[in-house]
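# Tertiary structure, described
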Amino acid sequence: MPRLPAFEHPSAPPSGVAMNAPMDGGLDTTTVLPYAGSRASTRTRRLRAWMVTAPIDVAALLAPLLLTQDYWRGTLFNAVLTVGLFAAGGLYRPRRHISILDELPSLGGRLLASGAVGAIIAALRHDSVPHVSGFMRGVALSAGLVIVGRALNSRLILLARKRRWVEHNAIVIGGGPIGGELARLLRRYPQYGLRFVGAVDAPSRPRIGALPLIGTIDDLEKLADMLECEVLIIADPDCSEADLMEALLRPASSRCDLWAVPRLWGSRSQGGYPDHIGAIPIIKIGDTTLTGPRWRLKRASDVVFAVTALVLLSPLLLLCAVATLLDGGRGVFFRQERIGRYGKPFHVIKFRSMRPADEHESQTTWSIAHDERVGPIGRFMRRTSLDELPQLWNILRGEMSVVGPRPERPYFVEKFSVEYPRYAMRHRVPVGLTGLAQVSGLRGDTPISDRARFDNYYVENWSLWLDIKIVLRTVTEVFRGGGR
């Protein structure tokens, strides 16, 4: 790959670059070319702000233990609750514009909330006023240290960005005036922590001045991989949302952090905790894959659930195995190849409800719900989904998750991927024992397009609470006998 041109200083305009007059919209259309990254940034590419911020918060919240251990339970509880409130409030999410003054209202509100909860619990557990007041002095001290730590952390992050010790490669999607202005701002102000590596847009867009393109939106996945891109910024692309989403959901593109300039941004329609690059507001788009801390949290919950379920349900599993043996003879378990995350095949384990005539029938028969070879015990187990319980072992092995798109056979994955454009996107996450589509009534002989929509909605809106809701609804379906 040819080496990209480097410039002498981040604030200096690129040599040989045309300086055009601002357009009527007030955006400077200075042409900006991609530029070389710093050597330090190649070693800090995996570093994220929360990796520094979270330890500082925890240290500040636990600092009262250095003075006294009399309130260690309350101090630990306050630390856990505060970090949880910070995470829920987005205080560990990446930001382009960093300022302690921007964070202060949200920090203060959550520190007061956790302190109030701690005070109520301490008052209920202890009748001693001196004990409660001593604990609250520690809470106040830790709150003050959190704010001081956040202020120092902000200065540290800004220093690292300005000296280009930490920067992440960014592709701007959109070659119009907004995209050109974003590229200029990233080039001139390294404190946003992003290195502009190029812009892409639809090939049909007229090239009037501003921003040279390194490719089209169809090339986005290839460019993101080749340029080791970590951030995508949607500015003003000249394409339909369907084409843009198709490009963004491809494997290499979906692994990037996604930011967007909101439409009608002059109307102040966006709320919450605003962020911006220069005077251009941007919003962080939620991850469309389960990676990083989100995946580790989901994986930990899966392991806990699977181990607990295997222990508690072991008598039921034994009873199902005996019933299957009596119903159809030897061969209690049925193993079948399915497609898992990123298209990787694995063998799913189920209690056998019938014996297929051959391997071809096993792989290509869509539904056996009304097959006469299914005995009464097998039919009952399928209707109550008890035949799926051995898949708890697949979950422990990491081949499946408790909640996710249901795994399908290779023959049907290939068939549906051709017929339904977004079907393959459901494999961005681990397949599941149960899923949103299944608890929404889409089981058995139901439209594949509807299943794909529900599965992709789950992927794009995942939360631990969503998993809990789906598990609870699954339990309800089992007791209702709403299976196949």
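This text gives an overview of the structure that appears in the document. Given the structure is predicted, the values throughout are model-derived calculations rather than measurements. (Residues numbered from 1 in each chain as written. Predicted model: local features only at pLDDT ≥ 70, side-chain atom pairs only at ≥ 80, totals over all residues. Heavy atoms only, no water.)

On to the pairing of strand β9 (residues 345-351). Taking burial as the measure, the 7 residues of β9 include 5 buried ones, the bulk of the element. Pairing geometry for strand β8 (residues 333-339) and β9, over 7 bridges, is antiparallel. Across the sheet, residue Gln-336 finds its bridge partner in β9, namely Val-348. The loop that links β8 with its antiparallel partner β9 comprises 5 residues; one of these, Tyr-342, has a positive phi angle of about 60 degrees. (Buried < 20%, exposed > 50% of the residue type's maximum accessible area, 1.4 Å probe, protein only. Helix = DSSP H or I, 4+ residues; strand = E, 2+ residues; numbered from the N terminus. Pairing = 2+ DSSP bridges.)

What you tend to see is this: most non-glycine residues have negative phi, and most peptide bonds are trans. Of note in the backbone geometry, Arg-164 takes a positive phi value of approximately 60 degrees without being a glycine. The topology assignment puts Arg-164 in the loop between α5 (129-162) and β1 (168-173). Here the phi dihedral of Tyr-342 falls at roughly 60 degrees; this positive angle occurs in a residue that is not glycine. Relative to the helices and strands, Tyr-342 is located in the loop between β8 and β9.

Time to look at the pairing of β1. Burial of β1 is extensive: 6 of the 6 residues sit out of reach of the surface. The alternating pattern of β1 places His-168, Ala-170 and Val-172 and Asn-169, Ile-171 and Ile-173 on opposite faces, both of which are buried. With 6 bridges connecting them, β1 and strand β2 (residues 194-201) associate as parallel partners. Residue pairing for β2: Asn-169 is matched across the bridge by Arg-195.

By secondary structure assignment, the location of Ser-142 is in helix α5. The exposure class of Ser-142 is buried, given its relative accessible area of 1%. Those residues in contact with Ser-142, other than ones at most four positions away along the chain, are Ala-60, Leu-61, Pro-64 and Asn-78. (Contact = heavy atoms within 4.5 Å.)

Nothing here speaks to function; it is all geometry.
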